[in-house]
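Structural overview for review
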Amino acid sequence: MYQNVEISEDVMCRAIPGYWMHETSGVLRPAVMAYLAGGPMTGEQIAALRAYLRQWIASDWQGAHDLEWLRAEIDALTSRPAIERWIDRASDAGIDPL
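Residues numbered from 1 in each chain as written. Predicted model: local features only at pLDDT ≥ 70, side-chain atom pairs only at ≥ 80, totals over all residues. Heavy atoms only, no water.

1. Brief notes about the pattern of salt bridges
Rules: By convention in these notes, a salt bridge is any Lys or Arg side-chain nitrogen within 4 Å of a carboxyl oxygen on Asp or Glu. For helices the rule is a DSSP run of H or I covering at least 4 residues; for strands it is a run of E covering at least 2, with both sets numbered from the N terminus onward. Remark: exposure states derive from per-residue accessible area (1.4 Å probe, protein chains only) relative to the maximum for the residue type, with buried under 20%, exposed over 50%, and partly exposed in between.
Tallied over the full model, the rule gives three salt bridges. Residue Asp66 is joined to Arg89 by a salt bridge in which the shortest nitrogen-to-oxygen separation is 2.9 Å. With a gap of 23 residues between them, Asp66 in the loop between α3 (43–57) and α4 (67–72) and Arg89 in helix α5 (residues 80–92) connect regions that are remote in the sequence. Overall, Arg89 belongs to the partly exposed group, its relative accessible area being 28%. Close ionic contact of Arg80 with Glu84 constitutes a salt bridge, the shortest N to O distance being 3.3 Å.

2. Section: the side chain of Arg50
Defined as follows: All tallies of charge rest on Lys and Arg as positive and Asp and Glu as negative; His and the ends of each chain are not included. Residues count as neighbours in contact if any of their non-hydrogen atoms are within 4.5 Å of one another.
Secondary-structure assignment places Arg50 in helix α3. Buried charged residue Arg50 carries no salt bridge. Nearest counter-charge: Asp75, at 5.4 Å. Arg50 has contacts with Ile74, Asp75, Leu77 and Thr78, leaving out every residue within four places of it along the chain.

3. Overview of α3
Worth spelling out the cut-off: Expected span, for any helix, means 1.5 Å times one less than how many residues it has.
Taking 1.5 Å per residue as the helical rise, α3 with its 15 residues ought to reach 21 Å, and the 21 Å between its terminal C-alpha atoms agrees with that figure. What α3 keeps buried is the set Gln45, Ile46, Ala48, Leu49, Arg50, Tyr52, Leu53, Trp56 and Ile57. On its buried face, α3 sits against α2 (28–37), α4 and α5.

4. What to know about the confidence of the model for the chain
Caution is warranted with low-pLDDT regions, since their predicted coordinates should not be read in detail. Note the following rule: Every residue gets a pLDDT, meaning the predictor's confidence in that residue, from 0 to 100.
The pLDDT averaged across the chain works out to 81; a share of 78% of its residues lies at or above 70. Within the chain, α5 carries the highest mean pLDDT (94), whereas helix α1 (residues 9–15) carries the lowest (45). Note on residues 1–15: pLDDT is under 50 here. Beyond four places in sequence and across chains, it has five contacts.

5. Re the packing of aromatic side chains
Stated formally: Within 6.5 Å between ring centres, the rings of Phe, Tyr and Trp (the latter by its six-membered ring) count as paired, and their orientation is classed by plane angle as stacked under 30 degrees, edge-to-face over 60, tilted in between. Charge-over-ring contacts are defined here by two conditions on Lys NZ or Arg CZ: a distance within 6 Å of the ring centre and an angle within 35 degrees of the ring normal.
Considering all chains together, one arrives at one aromatic pair under this definition. Aromatic pair Tyr52 and Trp56: ring centres 5.8 Å apart, planes at 45 degrees, arrangement tilted. Of this pair, Tyr52 and Trp56 both sit in helix α3, four residues apart, roughly one helical turn. Across this residue pair, the class does not change: Tyr52 and Trp56 are buried. Note that Arg89 overlies the ring of Trp69, its terminal NZ or CZ placed 3.8 Å from the centroid.

Here is the structure:
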């Protein structure tokens, strides 16, 4: 009934975004932890979180509403409040990157 189907790495990368807890550079985890703690974030932490959210939203989120807005607003994530608004809207769309 089922056949072996090969899925290209490109398709897999778009279908399954990397999760921040699996990141190994040591840059993203402190940024996410600073965000989750609710305190101030450095410019470097904001940039790391923005890059993470960019790859997350680039995945294939079929059926998610506000997807175009979420993708278009990534470059505007230059502050903690902007990230918070973006993550709230992503959550409303059924996308939870954290």
